[in-house]
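Here is what each chain is made of, one letter per residue.
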Amino acid sequence: MEFHIKQSTLTEVLGYVQGVVERKSTIPVLSNILIESIGENSIRIVGTDLDVTVRCDADAEIKSAGAMCVQARKLFDLSRLLTGEDVKFKKDENDWVVVTCGRGKFRLAGVAKEQFPEIPIFKSAPLKLPAGVFNYFIQHTAFAITNEQSRFTLSGAKFIVADGRARMVTTDGHRLAFVELPLASDAGGSIDTLIPKKALLELVKISRDSEEEVSFGEDDNHIYFELEGRLLITRKLSGNFPNYEMVMPKDAEKKVVFDLDDMKGAVRRVSLMADDRNRSIRLTVREGEVEISARSSEEGEGTEIVPAEYNGEETPLGFNWQYLQDFLNTVAAADGAAADGENAEGERETDGDKVRVKEPAAPARISFEFKDSNSQTQMRIASENLYDYRYIVMPLRI
């Protein structure tokens, strides 16, 4: 096999594929990617860890058809450093691969195509949602997925499309992230499945910044996502996801509202004084303010006041500060991306030109909804939002 490809194209495609490849795998061939010719003007690159597979097509000039397997990480690192415009690949004896670019020539070890695992046959993907919807869903829920491998059914996200709504839910047993979006048009069918965390993160990579729709579907064992010549296939998680609707508060009558940046900064500072064992932080909600405090018998204590909108009796709330910080960081990151280039002087960059706006964007507002100190707290974005986003944290006794 021999082909030529632009360096920028190669680096972009390898960036999508190499993320699923295990660096240290008990099956050596899984550290490789498969490159195959498709017709006369394109190649197909495939990477897999047997659970998640990413396949991307790219334009290339095919000199001779065939296939080759080469180390994924080594080729990706090399492609980013190459200085020539065109990269030339040629399969050599014993499955070695010769890579030439500009004045550089490199010889990489490869393996026979027959050793590369078979890829699941791509089924139809009849459902469609905008890439931006998937990115929002994953960004606002993935952080709440458990890292405990023994809790298999919690190691991914429950994803549902039905009755004119799309929904994604994650939990680790101590907190729960929920996001839902009413659909303006029919997605093309329904789905109710569990998607592994790794597949979610790879889906963000292949769909980031795209304004197109992601086509997706499922069979008995796999879920398929397709976008602009890129295909992600993942095994489903098995088992029963917890009844998350039972956790979502129905009688959280008290509500406190405050600025996101104020709370985010205060929690970050005060948490430095929290006990390392339980990471507890205390929020005392009273009229007009929230007092954030933490104490460690060995290192000291800290207190800070955040102005807030609240009318009601004083209520102490206890949290694991990391759970609270994860939510605040996630909303802050999304709010920053939504600003679309606005800066502190109230300017927005558009196609290289700076367009004056009357005022800078108002800071984001966050609300905490709760019943009492012993009940779960529901956190939300206070401003109007197309998405129904909720983050529920179980109480921590302090």
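Right above here is the structure, for reference.
Residues numbered from 1 in each chain as written. Predicted model: local features only at pLDDT ≥ 70, side-chain atom pairs only at ≥ 80, totals over all residues. Heavy atoms only, no water.

Asker: I tried to follow unusual backbone geometry on my own but got confused; where do I start?
Answerer: The backbone phi angle of Leu-50 is positive, close to 80 degrees, even though this residue is not glycine. Along the chain, Leu-50 turns up in the loop between strand 3 (42–48) and strand 4 (52–59). Under the relative-accessibility criterion, Leu-50 is labelled partly exposed at 40%. Located in the positive-phi region is Arg-279, a residue other than glycine, with phi close to 55 degrees. Within the secondary structure, Arg-279 sits in the loop between helix 5 (260–270) and strand 20 (280–286). (Helix = DSSP H or I, 4+ residues; strand = E, 2+ residues; numbered from the N terminus. Buried < 20%, exposed > 50% of the residue type's maximum accessible area, 1.4 Å probe, protein only.)

Asker: Where do I start with the sheet that holds strand 21 (residues 289–296) in this structure?
Answerer: Taken together, the four strands give an open sheet; going across it, the order is 22-21-20-23, and neighbouring strands pair in antiparallel fashion. The two strands at the open ends of the sheet, each matched to only one other strand, are strand 22 (300–307) and strand 23 (315–320). In this sheet, neighbouring strand axes are inclined to one another by 20 degrees on average, regardless of whether the strands run parallel or antiparallel. Summarising the sheet, strand 20 and strand 23 pair through six bridges and their orientation is antiparallel. Note that in strand 23 the partner of Leu-283 across the bridge is Leu-317. (Pairing = 2+ DSSP bridges. Axes fitted to C-alpha atoms, helices over the stretch in contact; angles between N-to-C directions.)

Asker: Could you clarify how one ought to interpret the state of the cysteines in this entry?
Answerer: Put plainly, two cysteines are in a disulfide when a covalent bond ties their sulfur atoms together. One pass over the full model with this rule turns up zero disulfides. Cys-56 supplies the cysteine sulfur nearest to Cys-69, a cysteine that is in no disulfide, at a spacing of 16 Å. (Disulfide = S-S within 2.5 Å.)

Asker: Would you mind showing me how to read the pattern of salt bridges here?
Answerer: Pairing between side chains of opposite charge can happen when their charged atoms approach one another. Inspection of the entire model under this criterion finds 32 salt bridges. Salt-bridge contacts for Lys-63 lead to Glu-61; the nearest nitrogen and oxygen are separated by 2.6 Å. Lys-63 sits in the partly exposed class, given a relative accessible area of 42%. A salt bridge links Asp-92 to Arg-107, with the nearest nitrogen and oxygen atoms 3.5 Å apart. With a gap of 15 residues between them, Asp-92 in the loop between strand 7 (86–91) and strand 8 (97–101) and Arg-107 in strand 9 (residues 104–108) connect regions that are remote in the sequence. (Salt bridge = Lys/Arg side-chain N within 4 Å of Asp/Glu carboxyl O.)

Asker: Whenever I open this one, the packing of helix 3 (residues 131–141) against helix 4 (residues 197–207) confuses me. Can you help?
Answerer: The geometry of a pair of packed helices is captured by two quantities: the angle between their axes and the separation between those axes. Packing of helix 3 against helix 4 leaves a shortest axis separation of 10 Å and a crossing angle of 140 degrees. Judged by the inter-axis angle, helix 3 sits oblique to helix 4. Our pair here, helix 3 against helix 4, has a crossing hand that is left-handed. Across from Ala-131, Phe-134, Asn-135 and Ile-138 in helix 3, the residues of helix 4 making contact are Leu-200, Leu-203, Val-204 and Ser-207. (Parallel < 35°, antiparallel > 145°, perpendicular 65-115°, else oblique. Left-handed = near helix turned anticlockwise from the far one by under 90°. Contact = heavy atoms within 4.5 Å.)

Asker: What should I look at first to understand the sheet that holds strand 3 in this one?
Answerer: Think of a sheet as strands paired side by side through backbone hydrogen bonds, with each pair either parallel or antiparallel. Strand order in the open sheet formed by nine strands is 10-6-2-3-4-18-17-16-11, and the pairing between neighbours is antiparallel. Among the strands making up the open sheet, the edge pair consists of strand 10 (110–111) and strand 11 (127–130). Where strand 6 (residues 67–71) lies against strand 10, two bridges are found, and the strand directions are antiparallel. If you follow Cys-69 over to strand 10, its bridge partner there is Val-111. Packed onto the sheet, helix 3 meets strand 11, strand 16 (213–218) and strand 17 (222–227) and runs at close to 75 degrees relative to strand 11.

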